[in-house]
Amino acid sequence: MKPILNSFTIWTGAFMIVLVVAGAIAFATTDLMSDRLYGNKRTGFVIMLFAYAVYRGFRLYQTLKQQKRNEEQ
């Protein structure tokens, strides 16, 4: 059961990274929700999305590293 759960975690993490980066790029390059999110708030939101993608990438890396370590034992 644990390998299936780890596989699900890895694919979900990778999907979230792609989704968050795509959202950040969409907010940065289009006028999506420009009537409610503009100026410094918009810039801060894009930076927050990229920071979250980096965090998720780090967590995914740690999960993969732990999985490899467990396979070697």
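First, a word on what this report is: a plain description of the structure on this page. (Residues numbered from 1 in each chain as written. Predicted model: local features only at pLDDT ≥ 70, side-chain atom pairs only at ≥ 80, totals over all residues. Heavy atoms only, no water.)

## Let's talk about the overall build of the protein
Along its length, the protein carries two helices and zero strands. Each principal axis of the C-alpha distribution contributes one length, and for the protein these read about 55 × 15 × 15 Å. Counting the 73 residues in the protein, one finds 16% classified as buried. In the protein, once contacts between residues fewer than 6 apart in sequence are set aside, the share between residues at least 24 apart is 62%. Approximately 5800 Å² of the protein is accessible, and the part contributed by carbon and sulfur atoms is 67%. Across the protein, the 9 positively charged side chains and the 4 negatively charged ones have centroids separated by 7 Å. (Helix = DSSP H or I, 4+ residues; strand = E, 2+ residues; numbered from the N terminus. Buried < 20%, exposed > 50% of the residue type's maximum accessible area, 1.4 Å probe, protein only. Contact = heavy atoms within 4.5 Å. Areas by Shrake-Rupley, 256 points an atom, 1.4 Å probe, with all protein chains shown as cover. Lys, Arg positive; Asp, Glu negative; His and termini not counted. Charge placed at Lys NZ, Arg CZ, Asp CG, Glu CD.)

## Concerning helix H2 (residues 39-72)
For H2, which comprises 34 residues, the first-to-last C-alpha distance of 50 Å matches the rise-based estimate of 50 Å (1.5 Å per residue) to within 8%. Within the sequence span of H2, burial applies to Arg42, Val46, Leu49, Ala53 and Leu60. (Expected span 1.5 Å × (residues − 1).)

## Some points on the nonpolar core
Judged by nonpolar contacts, Val20, Ala24, Phe27, Leu37, Val46, Leu49 and Ala53 together constitute the single largest core of seven residues. What alanine 53 contacts, discounting residues up to four positions off in sequence, is Ile17, Val20 and Val21. (Core = buried A, V, L, I, M, F, W, Y, C linked by side-chain atoms within 4.5 Å.)

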